[in-house]
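Each chain, letter by letter, is given below.
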Amino acid sequence: MPAIPFTDSPFRLLGGDLELLVRHRFIASQTIGLPCQSTETTDEISLSKWSNIFSLSLQLVLFLSTLPLIGLLCMPVFSVITAVGLVGIYFAVNAWIVEMQQARYQSQEGNDFQDEIWLYVNGICCDQSWLGMNCEMLARIFGRRIIGVYNPTLGPVLDLVDCIYQRCFTQGMEDFRQLYKTTIRELLRPEISKVVLIAHSQGGIIASQVIDRLLVAEDEQTVRKLEVYTFGSAANHFSGNGRIRHIEHFANEGDFVAQTGVVAYKTLNGNRYDGTLYINNATGHLLNTHYLRSTFTDGNEAASSRLAGYIGGR
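Here the structure is a predicted model, which means the values were calculated and not measured.

## Observations concerning a nonpolar patch on the surface
- Judged by side-chain polarity, Leu60, Phe63, Leu64 and Leu67 come together as a nonpolar surface patch covering roughly 350 Å² of accessible area.
- In this structure, Phe63 sits in helix α2 (residues 50-73).
- For Phe63, a relative accessible area of 33% gives the class partly exposed.

## Structural notes on the packing of helix α5 (residues 156-169) against helix α7 (residues 202-217)
- As a packed pair, α5 and α7 sit with axes 10 Å apart at the nearest point and diverge in direction by 25 degrees. On the basis of their axis angle, the class for α5 and α7 is roughly parallel. Remark: the crossing between α5 and α7 carries left-handed chirality. Between α5 and α7, the residues in contact are Asp162, Cys163, Gln166 and Arg167 and Gln202, Ile205, Ile206 and Gln209, respectively.
- By residue class, the composition of the contact of α5 with α7 is three nonpolar, three polar and two charged.

## Comments concerning the packing of helix α6 (residues 174-187) against α7
- It is at 9 Å that the axes of α6 and α7 come closest, and there the two elements cross at 50 degrees. Relative to α7, the element α6 lies oblique. For the pair α6 and α7, the sense of crossing is right-handed. Seen from α6, the contacting residues are Asp175, Phe176, Leu179, Tyr180, Thr183, Ile184 and Leu187; seen from α7, they are Ile206, Ala207, Gln209, Val210, Arg213, Leu214 and Ala217.
- When its residues are assigned to classes, the contact of α6 with α7 shows 10 nonpolar, two polar and two charged.

## A few points about the pattern of salt bridges
- Counting across every chain of the model gives 11 salt bridges.
- Between Lys194 and Glu116 there is a salt bridge, with the nearest N and O atoms lying 3.8 Å from each other. Linking Lys194 in strand β4 (residues 194-200) with Glu116 in strand β2 (residues 116-121), this pair joins segments that are 78 residues apart in sequence. Each member of the pair Lys194 and Glu116 is classed as buried.
- In this structure, Arg272 and Asp274 form a salt bridge, with 2.8 Å as the shortest nitrogen-oxygen distance.
- Taking relative accessible area as the criterion, Arg272 reaches 40% and is therefore assigned partly exposed.
- Judged by relative accessible area, Asp274 falls into the buried class, the value being 12%.

Criteria and cut-off values
Residues numbered from 1 in each chain as written. Predicted model: local features only at pLDDT ≥ 70, side-chain atom pairs only at ≥ 80, totals over all residues. Heavy atoms only, no water. Patch = residues over 30% accessible without salt bridge, like charges linked within 9 Å, V, L, I, M, F, W, Y side chains within 5 Å. Areas by Shrake-Rupley, 256 points an atom, 1.4 Å probe, with all protein chains shown as cover. Salt bridge = Lys/Arg side-chain N within 4 Å of Asp/Glu carboxyl O. Helix = DSSP H or I, 4+ residues; strand = E, 2+ residues; numbered from the N terminus. Buried < 20%, exposed > 50% of the residue type's maximum accessible area, 1.4 Å probe, protein only. Axes fitted to C-alpha atoms, helices over the stretch in contact; angles between N-to-C directions. Parallel < 35°, antiparallel > 145°, perpendicular 65-115°, else oblique. Left-handed = near helix turned anticlockwise from the far one by under 90°. Contact = heavy atoms within 4.5 Å. Nonpolar A, V, L, I, M, F, W, Y, C, P; charged D, E, K, R; others polar.

Just geometry here; none of it tells us what the structure is for.
Here it is as structure tokens:
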């Protein structure tokens, strides 16, 4: 079953998503890369920082902790009851994590522009340490203060389940509510003329749902302040051309998430995916390591994008 338009049945969307994951399984191993391949301290997988070692270890522990749950789901008698129970537990834990942890991060680097606000929402498998690293590198590149809205991680397996659930059943979780509240608050400030929202990975799904809500709930003048830029977006649709000021998407050819997200759905007949897509001849999915270090280098098509025009605080 190929990818199908996002307006189709949630269960047909689920089948299409599972088929996409299987089809692109051979590049899944390139999603993170090997820590020994990184020498830059700004990279998420660099072992030169203890915080990165902790973050990578945390993802490993969270992955291993889900294996017994997967085993339970394979038992026919308990599969349905277990599945329902796990979904309920997941929702509760997700809300608790967002409530207990700091939901925002403001970069130390970057300058404040009186009439601009720059927001960032992270993707899968990202703890607060990596959120901070992402915000600081974005601030360094674009010369603006970055406000990060935290999308918490429950590990690779449950984060993937969360992605599929959110985009197939269009259900906003607590991370969606946090991003929506932050975005609309900044858009409604009269002194702000531009709100830039940058989304990575699962953040693309969350941003897409926020835009859907804004287009219904807010007037033309308010949403016209918004510009949206995604990296390795996992979203299956994107609305807003003609009302939102500008939308761009950046994807790597060897990015498992992008290939099962923006790349698969951008050119799909009958599907709406607004915004210009720039595809880079590169692998990997991590924001700092695989995108921000190389996407805007000379010779890449993305170097002529509107987002590239902000580099250096321009």
